[in-house]
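# Summary of the model geometry
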Amino acid sequence: MNDVTMIAILIVFVLGIMLLFNFYTRLLSKISQNGIRRKLEKGKISDQQLEKLCNAVDKGRKRKMMAIFMYGIFYKSFLNMQEDIYQLYRAEMEKRGMLNQ
């Protein structure tokens, strides 16, 4: 095999691994969101815990450098995951009337 073929195989291999990593992070995101959603629906999170979790996720979703450090070129998937989780907590806080206080 010549050098061009080897480089093409390497590029396809790297792109395949990147695609798998992207699917993996999406799967983890969905699993995490479903777990949080179930806990919120069952009322297993108190108001104080909900406020702390919402504040922690709010801080995490604003840290782009941490996302770049952890996920590299897939940092946007991490930020989207944080944003989705924040929206879950925020909606539950609105439902409980905690935002008007």
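Above: the structure in question.
In what follows, the accompanying structure is described.

What counts, and at which threshold
Residues numbered from 1 in each chain as written. Predicted model: local features only at pLDDT ≥ 70, side-chain atom pairs only at ≥ 80, totals over all residues. Heavy atoms only, no water. Axes fitted to C-alpha atoms, helices over the stretch in contact; angles between N-to-C directions. Helix = DSSP H or I, 4+ residues; strand = E, 2+ residues; numbered from the N terminus. Parallel < 35°, antiparallel > 145°, perpendicular 65-115°, else oblique. Left-handed = near helix turned anticlockwise from the far one by under 90°. Contact = heavy atoms within 4.5 Å. Salt bridge = Lys/Arg side-chain N within 4 Å of Asp/Glu carboxyl O. Buried < 20%, exposed > 50% of the residue type's maximum accessible area, 1.4 Å probe, protein only.

Right, let's get into the packing of helix H3 (residues 64-71) against helix H4 (residues 75-96). Between H3 and H4, whose axes approach to 8 Å, the crossing angle comes to 125°. Comparing the axis directions of H3 and H4 gives the class oblique. Considering how the two elements wind past one another, H3 and H4 form a crossing that is right-handed. Seen from H3, the contacting residues are Lys64, Met66, Ala67, Ile68, Met70 and Tyr71; seen from H4, they are Tyr75, Ser77, Phe78, Leu79 and Met81.

Counted according to the given criterion, the structure contains five salt bridges. Two residues, Asp58 and Arg61, come together in a salt bridge whose shortest N-O distance is 2.9 Å. With Asp58 and Arg61 both in helix H2 (residues 47-61) and three residues apart, this pair spans about one turn of that helix. Asp58 gets classed as buried once you look at its relative accessible area, which sits at 18%.

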